[in-house]
Every structure is written in structure tokens, then in C-alpha cells.
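# A look at the structure
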Amino acid sequence: MAEYNYDESGNMASYFIITFLALLLVPFTISLIPSRSRNANKPSPCDCGPCIEQRKRARGSKIQLPGKKMSFVIVGWIAFAYLCWKVAGAKSDNQIYNPFEILGISSGLGEKEIKSHYKKLSKQFHPDKVRVTANETIEMIQDRFVKLTKAYKALTDPVIRENWEKYNNPDGRQEVSTGIALPAWIVAGHNNIYVLGVYAILIGGLLPVLVGRWWFGNRRKTKDGVNVNSAAAFFKNLKEDSTEADVVRVLASAYPFEVVPSGKESTDALEVEVREAVGPTVWAGIAGEDARQRRAMILLYAHLLRLNVNKALAKVQSSPLSFFRTPVLLNALLTISQSRNWLAPTLAIMRLNAFFTQALPPATVPKHQLAQLPSVKPSEVSANDNNYAAYADTLEGQSDGRVADVRKALNHWGRVEIVDVSFRVIGERIIVPSSIVYLVVKLRVAPPGAEPAKPAEADGENVKRLGRLAEERELAFLNSRKDAEDLQPGQTFSGGAHAPFWPGGALPAPTRKPSWWIVLGDNKSNRVIIPPLKVSDVPWRRTGETSDFRAYKIQFQAPQNTGFFTWRVHVVSDSYVGEEVVQDISMKIDDVSALTADERGEEDEISDPEEDTIAGQMAAMRGGNVKKISPQDEESDEESSTDDDKSSDSDSDSDSD
């Protein structure tokens, strides 16, 4: 019969917990170690004065506590170390009985040597010859001598040795003792009420709460991470012709359900400033909304207009603008616009990201773009002037102290250039209806003030060679599964964007990485042709040659009807206002008949049905081609039929015989 006992010391439970912690902590710790590849792709932040101050303010406004993952790793390793220390100092009772070890001899000794060694030990450790000391009681002395005697008999007595070899015990078969990895105090009778109470709290209280929060939290949130009421407000208020100012109003409709608190701080003084700054047309849209939405719009426009607010309102204002909440809402709004294939509101939402990043009033035609430079106010620059390099030279000529920060910001600045844009079908010369088409866009970033790239002069042979290499490069990219081409050797991209007003620029990500949307749209019908692609790590222009770019592709299905389609490619920045490039592109859909026989995969010679067959007669009735039977074929058929008749006659004669 097996005997069950609980772990009095708790060592077995400790071993189990140590193993479980090691399986979790090792991969978690490895994932926290920064790798060279991640550091290589991590953009360097803008080091101008306003950006540095913004990062300091954002870090100071919130205590930087370790993340959940880091906290788990720290606490886990502390518990792991404590359990290891506890187990290392514990005594183990589950030792294998070894008489050679007890006697202190090797297993290769014979019986004569064992008897001689035992006599020496008997003279040394016999209870009558060992004195009792403070560190060794008479019970300890007697117990040691009994162990020595048992070990000696286990090696010399045949019966006892057989018991030891069979059952690993000189006393023979023992009851099986199975340990349970639970401390005894857990199952102690006087602790039952406490143990059951803990189980009731965990299973009957905490578990339903966690499941309920997960269930109802998912029901309240969309897949984009916004409240369902916010998504409903977006769907209701977004229109097909919504402009940037309209999108701000639609965006504010979600803040009452998201993050705007119902504080009692008055916004009357701020409301006056916003009304004077935005003008009567925009203010009419703000004043017509309910109190909560109106309050949110005032706070949003206070950010876009760079208005100074008191500490109380600044705390309230940070709520709708803090730590990536605005990008989450803009992304949900963009998803709704794309689901309806509306081009105008889609572009407006994309542009609004840059307006919030640089804190400039939204407009379809952006103004005061130079106000994006460090410490430059909109009132100091002229409208629609976007020559950043010339403005930096002007500041330097005036010995303006801001020129150093302006130069630092321009080191991260760049205007995207479209090197080429085309439609490609792998292995096909033309585009036919419903074929799989790739929109290939080749981009690079030119620094401010750079001259337009000029094509390099080359002779005929060199032009052919470069064209062949470009074709091979593009074909290899089309056959790959990546949306973005790998960076070529020597290509580099800009660091973090200059974003001194971006509220999410400090935590959890210290650097805002500039990105661009590639949008293929039809401006005549205000439709998005294919879902946009967001790209980043666009390389700087180095040589200006036709091979100096990075290619991006979007796969889609061509229209089902033939014709000539004129569309437009927009490349919209999410970090800089006014940095948008547009290029027209056309697609010609040809009929399948324009393909050659080889391109259609057909055989060179297709045999027509013979005119004397049923298929030939049906084809002739439809006006199709049939194969005429030549006189030679008719004669051969007659000869073959005559031979058949003769053979059949001879067969019948032989049968009659």
C-alpha cells in the first residue's frame, strides 16, 4: 500500500515553482535585451532645443514606472533567487541507501577488506568508546553505530545483501511513500477556513471579475481600440466631402466617450481666443455642438493654435492629447473613411496627423509652413512660403539665435520625391481585365533646399546595361513577398521627426518616426482605388540617379472592363505639414485578344474539326472553320473500307468451311 505524505518543509513545491519561473523568466529576459538590429533601426531623436524640452516635460509629467513586462521580470527573478537560496540550505531526506558510502569505502573491496575496515570503525565509533560532548549526544552516537552495523551486514550477510540489492533497503520491502508538493500547513485542519476562503476569493470573485472585464471590455471596444460609441459617432458624422476642419469636429465627437474629463475648469477665456483665431466660419461649426463636444474642440484648437493655457486647463488638455490617444482615434476614423472608399476625407485625416504633430491650424491648402521650424511663430513667416533652407540662411544672416536649432531640425527634415510610379503585371506585356496588378512606387527623400535631380549622362551601351539591371531589380522585388524593397548598400534614412508639440512624443516611444501614406485615388469620382499603404524608412537621396530610390508595391486586381483609366498617386506625410507629393498615372486595360498565342498559352496550330464529323457539321452551321477532306484521304478511306470488306468476306468463308 502506498503511503501519501505532504511536504513538511515545502521543498518539493519550491522546486516546482523554480522550474515554472525559469521557463517564463528566461524568454522574457531575453526579449528585454536590446539587440543590435533593433538599435540599428531605431531613429535618432531630433536634438533641437524645443524637442528636447518637450521630451523633458512629457517625462516629468508622468512618473516613469517600469512596464508590466519589466516589473514581472524583476519580481520573478527576486522570487527565483529566494527560492533557490531556500532550497540550497534545506536538507534532503530522500537519499539513496549506499552502504559503501556509509562505511567510507570503495565498491571494489572484497569481503576480507570490508571486515577489516569495519573492525577499525567499531573500535573508533563504538558507544562505549565515544564520549558524549555538547555537540554530540548519546542518541547520535548510537544511531551512527547502528548505521555502520547495518551497512556492514548489508555487504556481508547474504539475506540482508539480497534485500539491499532488490529493495534498496537492508530491512527488505518497504511501503511506498509518495510525496505531494504541498506544504502540510495548507491541508492542516485548523487552516481549512483560510484556505477555502482564498480559493473562494480567487475562483468565485477574482476570476469572474477578470473574465467580465475582458468580455465587456471587448464589447465596448472596436478592433481599432476605440469605444463603440466613438465609432458610431465617426460613422454618423463623417461625410463624403469632409475637409480638415470637418474632421476635427468629427474627431471631437468621440472625446466625450474616450478621455475628456468633465472638469469644472472654465474655458470661457480660452473660448474667446479660439473664436478670434479660427474665424467665424470655423467657429460656427464649434458653437453648434453640445457642451462636451464643444469643450473638446476648444481644447483641440488650443493645441493646434499654440495658445497658452493655465495649469488646470493644461492638465485637462493633456487628456485628449496624451500618449497616442489622438493617433488611435485618427486611425479608427481613417478605417471608416477607407471602408467607404472616400478619397477627400481619407486625405484630410492623413494630413491631420501632421497638423497635430506640428500644432498648426488645419487647412486644405496649408499656410505658414515655416512655423514648423523650432521657436518660429506663424505670425513671423509669410503664408505659403515653404523654402526652409532659404529661411535658415535668412536667420543666419540676421545673427538670430534660433538658427542653430533650425539647422538641427532640418537635419531630420526632407521632402519625399517620386522617382517613378507604374503598374506592373508579372510576366505580361499588357494589362488585361481582372489581372493581378502591382502599383510600384519608387521613393526617396531630398534634403531641404536640394536642387531637382538631373538624369546622369550615359552612352548607349551603358544605358542598356543600366536598364537591364533596373529590370532585374524590379522583377526580383515583384516576385518577393515584401511590400517594401530592401535597402540598397549605403542607403540611409532620416532619424526621428522634428515634433516639439507632439503630445505622444515621450512615452512610451521617445521618438516619432516619420512615415508616409501611398494613396491611389480617382479625384474625379472622389474614390480610393485601393487601400493605402503606410511606409517608413524612405532613404535619403544620394546621387540623384535613376537607381537611387527604394521601391514599394501594392497588389490589387485590375478592373473587369477594358478602357483607359486616369488616376492620381498621393504620397502624404504624417509628420510634416505640406509635405505631400502628387503624380498622375494612367492604366490601359486591353482585351485578351491583344495577347499573342504564346502569351495566352495556346498552341501554334489548333486543329479544326473535320467536315464529315458531327463537330465539323455543327461548326459549319455556326460559320466556323472546318477541315476539308482531300481526295487522297477519300481514296485511302475507300481502300481501307474495301480491305475491311475483303477481310470480313474471307472470315465468313472460313467460318462456313
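The numbers attached to residues start from 1 for each chain and follow its sequence in the written order. Local features in a predicted model are, by the rule used here, given only for residues with pLDDT of at least 70; side-chain atom pairs are given and counted only at 80 or more, and totals for whole chains, interfaces and linings are based on all residues. To get the side-chain values, take all heavy atoms of the structure and skip hydrogens and water.

As a further point, take the overall build of the chain. Helix numbering and strand numbering both begin at the N terminus, where a helix is a DSSP run of H or I of at least 4 residues and a strand a DSSP run of E of at least 2. Scanning the chain from terminus to terminus reveals 23 helices and 9 strands. Exposure classes here rest on a 1.4 Å probe applied to the protein chains alone. A residue is buried below 20% of its type maximum, exposed above 50%, and partly exposed in between. Scored against the burial criterion, the 657 residues of the chain give a buried share of 37%. When checking whether two residues touch, look at their non-hydrogen atoms; a contact exists if any pair is within 4.5 Å. Relative to all contacts within the chain whose residues are 6 or more apart in sequence, the contacts with residues 24 or more apart total 69%. For accessible areas, the Shrake-Rupley method is used with a probe of radius 1.4 Å. Any residue's cover is judged against the shown protein chains and nothing else. Surface exposure of the chain reaches about 39,200 Å², of which carbon and sulfur atoms provide 54%.

A separate point is the sheet that holds strand 5 (residues 515–522). Strands sit in the order 6-5-8-9 across an open sheet of 4 strands; the sheet is antiparallel. Both outer strands of the open sheet, strand 6 (527–536) and strand 9 (580–589), are each paired with one neighbouring strand and no more. Shown here is a sheet whose adjacent strand axes are inclined to one another by a mean of 20°, direction ignored. Whether two strands pair comes down to DSSP finding at least two bridges between them. Sheet topology note: the strand 5/strand 6 ladder contains 7 bridges and is antiparallel. Note on strand 6: the bridge partner recorded for Ile518 is Leu533. The sheet contacts of helix 17 (residues 343–358) involve strand 5, strand 6, strand 8 (563–573) and strand 9, and relative to strand 5 the element is tilted by about 165°. Axis definition: a line fitted to C-alpha atoms, limited for helices to the stretch in contact. Angles are taken between N-to-C directions and run from 0 to 180 degrees.

Once that is clear, we can look at the UniProt feature "transmembrane region" (unreviewed entry) in the chain. UniProt positions are given in the numbering used here, feature names are shortened, and annotations may be inferred rather than shown by experiment. Per the UniProt record, the feature "transmembrane region" (unreviewed entry) sits at residues 12–33, 70–88 and 193–216. Between the C-alpha atoms that bound residues 70–88 the distance is 27 Å, and the span itself is 100% helix and 0% strand.

Let us now look at unusual backbone geometry. Its identity as a non-glycine residue notwithstanding, Arg306 has a phi of 60°, on the positive side. Looking at where Arg306 falls in the secondary structure, it is placed in the loop between helix 14 (291–304) and helix 15 (311–321). When its relative accessible area of 21% is taken as the criterion, Arg306 is described as partly exposed. Even without a glycine there, the phi angle at Asp537 is positive, about 55°. Tracing the chain through its elements places Asp537 in the loop between strand 6 and strand 7 (550–557).

Bringing the sheet that holds strand 7 into the picture now. Sheet architecture is open: 3 strands sit in the order 3-4-7, paired in antiparallel fashion. At either end of the open sheet lies a strand with only one pairing partner, and these are strand 3 (415–424) and strand 7. Each strand of the sheet is rotated relative to its neighbour by a mean of 20°, with strand direction disregarded.

Let us look at the packing of helix 7 (residues 138–156) against helix 8 (residues 158–167). Two elements in contact, helix 7 and helix 8, have axes whose closest approach is 6 Å; the angle formed by their N-to-C orientations is 95°. One element, helix 7, and the other, helix 8, form an angle in the roughly perpendicular class. When helix 7 is examined against helix 8, the residues Lys153, Ala154, Leu155 and Thr156 are found in contact with a partner set consisting of Pro158, Ile160, Arg161 and Trp164. For the contact of helix 7 with helix 8, the class distribution of residues is 5 nonpolar, 1 polar and 2 charged. Orientation categories follow fixed angle ranges, with anything under 35 degrees roughly parallel, anything over 145 roughly antiparallel, 65 to 115 roughly perpendicular, and all other angles oblique. Residue polarity is assigned by list, with Asp, Glu, Lys and Arg as charged and Ala, Val, Leu, Ile, Met, Phe, Trp, Tyr, Cys and Pro as nonpolar; anything else, Gly included, falls into the polar class.

The next subject is helix 16 (residues 325–339). The terminal C-alpha atoms of helix 16, which comprises 15 residues, lie 22 Å apart, in line with the 21 Å expected from a rise of 1.5 Å per residue. Within the span of helix 16, buried status applies to Arg325, Thr326, Leu329, Leu330, Ala332, Leu333, Leu334, Ile336 and Ser337. Looking one or two places after helix 16, you find Asn341, whose phi comes out positive at around 60°. One fewer than the residue count of a helix, multiplied by 1.5 Å, yields its expected span.

One can describe the packing of helix 18 (residues 388–397) onto helix 19 (residues 403–410) by two numbers: an axis separation of 9 Å at closest approach and a directional angle of 160°. Here helix 18 is positioned roughly antiparallel relative to helix 19, judged by the angle of their axes. As for how helix 18 packs across helix 19, the hand of that crossing is left-handed. For the pair helix 18 and helix 19, contact is made by Tyr388, Ala392, Asp393, Leu395 and Glu396 and by Val403, Val406, Arg407 and Leu410, respectively. Here a crossing is taken to be left-handed if its near helix is turned anticlockwise relative to the far helix by less than a right angle, and right-handed if that turn runs clockwise.

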